[in-house]
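This is what each chain is made of:
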Amino acid sequence: MTLYRLLLRLYPASFRENYGDELCAVFARQRAAATGWPARIWLWLAAIGDVGMNAARVHADILRQDLRHSARTLRRSPAFSVTAILVIALGVGATTAAFTLTDYVLLRPLPFPESDQLVKVWQGPPDRPATVHGLGGTNDVSPALYSGWKDLTTSSFASMGAYAIVTANLVGSGEPERLDGANVTYDALPTVGIPPAMGRPFQIEDDRQGAACVVLISDALWRQHFGADRSVLGTRIRLDDENCEIAGVMPPRFEFPSRTTQFWRPTRFAPEALADFTDNFLRVIARLKPGVSFEQGRGALASAAAEIARTNSTERADVSAVMLALRDELNDQSRVLLLVMAAAAGCLLLIACTNLASLTIARATTRARELAVRTALGAGRRRLIRQWMTESVFLAIIGGGLGLAIAIGAIPTAIRLVPSTLPIAEVPSVDWRMLAIAAFATLGTGIGFGVLPAIRAAGRPAANDIREAARSSASRGATRLRGALVSTQVAASIVLLVGAGLLIRALDRVQATPSGFDASDVLTMRTVLPWSKYGDQATRTAFYQRVLGDMPSVPGVKAVAYTSYLPMTFRGGVWPVVVQGRPVDPRRGDTASSRFVTPRYFSAMGIAIVAGRPFDDHDTDKAQPIAIVSTSFVTSYLSGSDAIGRTFTFGPAGQRSIVGVVGDVRVRGLERTSEPQVYLPYTQQGDNQTMGYTPKDLVVRFEPGADDAKMLAAVPAIRRIVAGADPNQPIADIQPLAAIVDGETAMRVVQVRVLGAFAAVSCILAAVGLHGLLAFVVSARTREFGVRLALGARPRQILGLVAVRGVALGLAGAAAGLLVAWNASQWLDSLLAGISRTDALTLAVAAGLSLAITIVGSLPPAIRAARTNPRDAIACE
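Parameters and conventions
Residues numbered from 1 in each chain as written. Predicted model: local features only at pLDDT ≥ 70, side-chain atom pairs only at ≥ 80, totals over all residues. Heavy atoms only, no water. 1 Å grid on protein atoms, 1.4 Å probe; cavity = no way out; pocket = protein on both sides within 12 Å on 5 of 7 lines; lining within 4 Å. Points joined across faces, edges and corners; volume = space filled by probe spheres on them. Nonpolar A, V, L, I, M, F, W, Y, C, P; charged D, E, K, R; others polar. Disulfide = S-S within 2.5 Å. Helix = DSSP H or I, 4+ residues; strand = E, 2+ residues; numbered from the N terminus. pLDDT = per-residue confidence, 0-100. Contact = heavy atoms within 4.5 Å. Axes fitted to C-alpha atoms, helices over the stretch in contact; angles between N-to-C directions. Parallel < 35°, antiparallel > 145°, perpendicular 65-115°, else oblique. Left-handed = near helix turned anticlockwise from the far one by under 90°. Buried < 20%, exposed > 50% of the residue type's maximum accessible area, 1.4 Å probe, protein only. Polar contact = N/O pair within 3.5 Å; in protein donor to acceptor, adjacent residues only side chain to side chain. Expected span 1.5 Å × (residues − 1). Phe/Tyr/Trp six-rings, centres within 6.5 Å; stacked < 30°, edge-to-face > 60°. Lys NZ or Arg CZ within 6 Å of the ring centre and 35° of its normal. Core = buried A, V, L, I, M, F, W, Y, C linked by side-chain atoms within 4.5 Å. Patch = residues over 30% accessible without salt bridge, like charges linked within 9 Å, V, L, I, M, F, W, Y side chains within 5 Å. Areas by Shrake-Rupley, 256 points an atom, 1.4 Å probe, with all protein chains shown as cover. Salt bridge = Lys/Arg side-chain N within 4 Å of Asp/Glu carboxyl O. Pairing = 2+ DSSP bridges.

## Digging into empty space enclosed by the protein
Overall, the coordinates contain three cavities of 30 Å³ or more when judged by the stated rule. Its volume calculated, the largest cavity comes out at about 60 Å³. What lines the largest cavity is simply Asn169, Val171, Arg238, Asp240, Asp241, Pro530, Lys533, Asp726, Asn728 and Gln729. Of the residues assigned to the lining of the largest cavity, the class counts are two nonpolar, three polar and five charged.

Right, here's the structure in full:
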């Protein structure tokens, strides 16, 4: 019978208590009547089926009863029900949104077959290890280095491909348009593992010099420009003045190497490029062979790099290979940010649970008589706990559904937290993973805030509860427990306040960082000249002179110029510097960022001329090669001496004479140290070098006071001017220069808003929890306060008695919160931009806000207690 009694445990405990012995007796008679093993096996099978089905019915019947009772009970307490649902919705919504983003970016497999075998390989310095966390100090790869890696690592890598981010002008099919794309080797997309949805992939013949141009287009481009016409294969389109045949269409949501990629073209290396270690423009992706570990792949690349350095005498061949998983191609700041958001959401959920637990304990005291009567009528402890938990989970499911809707609505507002470098969609879709996170948070909340009050409420003796309910007094244990929960809420809110405060301070510091130029009243746009059409200097010069010469006719234009790249839009362009008379030391790595610019660029950008002169129209390709350098260039490479007239050799630009010095510009962004800058005249670029640095960004400065609307109103006139110079030249990336600078802090602004919202909600919940506790204490001690007042106590003494209790709870929580925040803030170091995690101002403001929370939560109940009427209080009892 032991096995049968174990089987009966499928029934609820109350059912077993009432019917367990009877069922055992019936089963004993049936077992005695069953003769032979077949009959006994059949008896056990029938018993298992009967108990399983009936137990499910009994549980369902009890659940229906509990749900009906919960609905009636919650309808009688609408204020509690609405408050609980809203608190749950906030906690579950924030948690679901934050954890969904974290899972989407950091944990979820990339949308490629066996994505864990995909790696990126970068070029590093000779003494750099072959694997790092992050991308600091790495560089793009030269064709010669890529070719060597590929040939020497076939035993470890199934395939290796390379690509370069490019743009191209789509002309001949309506308004000219600039498209974002990638030039890829024939084996790059097969390495990723996604074939075209239509047509054919690239073949090795497509990579050869002289082969006809073919192109793969994205699903979005196919639908937007070709109406999803399946006969598009074989159609020719003009990209950068070159006719290319559409060979295939990639599948929807294929977003490699980035979300903006619209086309893919073969990369054709000239024979001399495969021996050039100085032209770094490729990004390499590789797939490990099955069974080859990450460390083995790392070792193979290290051996290949050493072999290349040994067999090539050029200094630029002596480099290392930096390998990291494709999933890990994410900067540390973005990674920490997502983890901080998840931790903040978890902290908010903790506050919500403690707040609800406190409210539920108070509600249990008001329902003491009901629970005592049910106990007296035979309801067991387990039955009461089950009923109580049903109410909690019932509330949690309603609040969780609302929280899921909040999360779905909130995720698109946090799209800046999804790094654009990952080949994934910008916004995660609603899928089973998001629903699972929401369900886990919902059930966890329901159980978290319901289990402790349920155990306490169901564990009291019935007689004591009846007496306590009759006297309307609260147990000291329940009050102490609620006090601990309130202090926990205050502590958690302080942690969020400190985190938000530190990020606000970091944001202020970053925004206060001088950019080196004046971004106000400036409109920028991009006109990328195709090299196939503008490969010679004379043709480019004619285009620039035509556009720049006509621009003063646009109303409000004060200055206009072209540059290779605007600051902060391109963080590379670093070339080696060799100064005459300065010893060359490869370990020192003397470099500077490079820009080709037109005259009046510095006045258009608001960059200060420190010494010498700017470029003018006399600086032609026939004149002496010259350059303008930044003050950091003079300080770093010329020992701070007079720079005018000094000469230096600058990468492929050759020897240059310095004619001017300008202020430093934060070309790498507000948070990264920039190399010294060198500016070169656009007329001295040449025909066959540095094609990627052809001036393409147009800078238009308007008269002071021009707002965005006024600047954008000039765009049609600028389009006509560009079309007059070249009807097939599109304009793209039209935006105020101030928007580019603001983009440097856009992610930080999202950080502050999200964490600030979490902190604000947590403070409100903490104040509500403290108010609820003290209001409950005042209600329970009304008779005591009445007696004190009747015996001569003054109202301010009663007010102080209640307020001191609230302040004590708040200060205890604040002290614990500051301690936790001090230890937890070390995880924010990469986000703080030099702000100390023990920043006195931040800690003082957080402490002040905690005091405000305490006062806001404590004062109304204290005033109510001070206004107690002694006669009414004693008569009520």
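That shown, we press on.
## Here we look at the state of the cysteines
Across all of its chains, the model carries one disulfide by this definition. A disulfide bridge connects Cys213 with Cys244, and the sulfur atoms are separated by 2.0 Å. Residues Cys213 and Cys244 are joined through a disulfide that is right-handed, its torsion about the S-S bond being 80°. Highlighted residues: Cys213 in the loop between strand E4 (198–199) and strand E5 (214–217) and Cys244 in strand E7 (residues 242–249), separated in sequence by 31 residues.

## Quick notes on the confidence of the model for the protein chain
Overall, the prediction assigns the protein chain a mean pLDDT of 84, with 90% of residues at 70 or greater. Predicted confidence for residues 129–135 stays below pLDDT 50, and this span has 18 contacts to residues more than four positions away or in other chains. In the predicted structure, residues 465–474 sits below a pLDDT of 50 and forms 18 contacts with residues beyond four places in sequence or in another chain.

## Some points on the packing of helix H15 (residues 537–550) against helix H19 (residues 715–725)
Between H15 and H19, the shortest axis-to-axis distance is 9 Å and the interhelical angle comes to 150°. As judged from the angle between their axes, H15 and H19 are roughly antiparallel. With respect to the hand of their crossing, H15 and H19 are arranged in right-handed fashion. Between H15 and H19, the residues in contact are Phe543, Arg546, Val547 and Asp550 and Ile721, Val722, Gly724 and Ala725, respectively. When its residues are assigned to classes, the contact of H15 with H19 shows five nonpolar, one polar and two charged.

## Regarding the side chain of Gln685
Among the structural elements, Gln685 can be located in the loop between strand E19 (677–681) and strand E20 (697–702). The buried category is assigned to Gln685, whose relative accessible area is 0%. A polar contact of 3.4 Å, which involves the side chain of Gln685, links it to the side chain of Thr694.

## So, helix H23 (residues 795–824)
Spanning 30 residues, H23 covers 43 Å between terminal C-alpha atoms, matching the ideal 44 Å at 1.5 Å per step. Within the span of H23, buried status applies to Ile798, Val802, Ala803, Gly806, Leu809, Gly810, Gly813, Ala814, Gly817 and Ala821.

## Quick look at the packing of aromatic side chains
Summed over the entire model, instances satisfying the criterion amount to 25 aromatic pairs. Look at Tyr4 and Phe27: their rings are 4.1 Å apart centre to centre, the planes differ by 5°, and that puts the pair in the stacked class. Taken together, the positions of Tyr4 in helix H1 (residues 2–8) and Phe27 in helix H2 (residues 13–33) put the pair 23 residues apart, joining distant regions of the chain. Taken as a pair, Tyr4 and Phe27 share a single burial class, namely buried. These aromatic residues form a ring-pair network of at least three members: Tyr565, Phe570, Trp575, Phe596, Phe633, Tyr637, Phe648, Phe650 and Tyr693. Over the ring of Tyr565 we find Lys696; its NZ or CZ atom is 4.1 Å from the centre of that ring. In this structure, Arg837 is placed above the aromatic ring of Trp822, and the distance from its NZ or CZ to the ring centre is 4.8 Å.

## Observations concerning the nonpolar core
Core analysis: the largest hydrophobic core is formed by 57 residues, its most contacted members being Ile88, Leu395, Leu496, Leu755, Phe758 and Leu831. For this core, the elements supplying multiple residues, two or more each, are helix H4 (78–107), helix H9 (332–366), helix H11 (381–410), helix H12 (432–458), helix H14 (476–511), helix H21 (746–780), H23 and helix H24 (840–866). For this core, the element with the highest residue contribution is H9, accounting for 14 residues. Among all residues touching Phe758, those that are not within four sequence positions of it are Ala94, Met341, Ala344, Ala345, Leu348 and Leu496. Listed in part, the 34 residues of the second largest apolar core include Val105, Val184, Phe202 and Ala407.

## Quick word on the packing of H2 against helix H3 (residues 37–76)
Running from amino to carboxyl end, H2 crosses H3 at an angle of 165°, the nearest separation of the two axes being 12 Å. Classed by the angle they form, the pair H2 and H3 counts as roughly antiparallel. Taken as a pair, H2 and H3 cross one another with a handedness that is right-handed. Residue-level inspection shows Ser14, Phe15, Phe27, Gln30 and Arg31 of H2 in contact with H3, the latter providing Arg40, Leu43, Trp44, Ala47, Val58 and Ile62. Tallied by class, the residues present in the contact of H2 with H3 amount to seven nonpolar, two polar and two charged.

## What to know about a nonpolar patch on the surface
On the surface, Val82, Leu86, Leu90, Leu402 and Ile406 cluster together into a nonpolar patch covering about 400 Å² of accessible area. Mapped by element, the contributors of at least two residues to the nonpolar patch are H4 and H11. With three residues, the single largest contributor to the nonpolar patch is H4. Secondary-structure assignment places Leu90 in helix H4.

## Describing the pairing of E7
For E4 and E7, the ladder comprises two bridges, and the chain directions are antiparallel. Counterpart to Met198 in the pairing with E7 is Val249. Across four bridges, strand E6 (residues 236–239) lies against E7 in antiparallel orientation. When the sheet's bridge partners are listed, Arg236 is paired in E7 with Glu245. Turn length for the E6-E7 hairpin, with the two strands adjacent in sequence and antiparallel, is two residues, and the turn residue Asp240 shows positive phi of about 55°.

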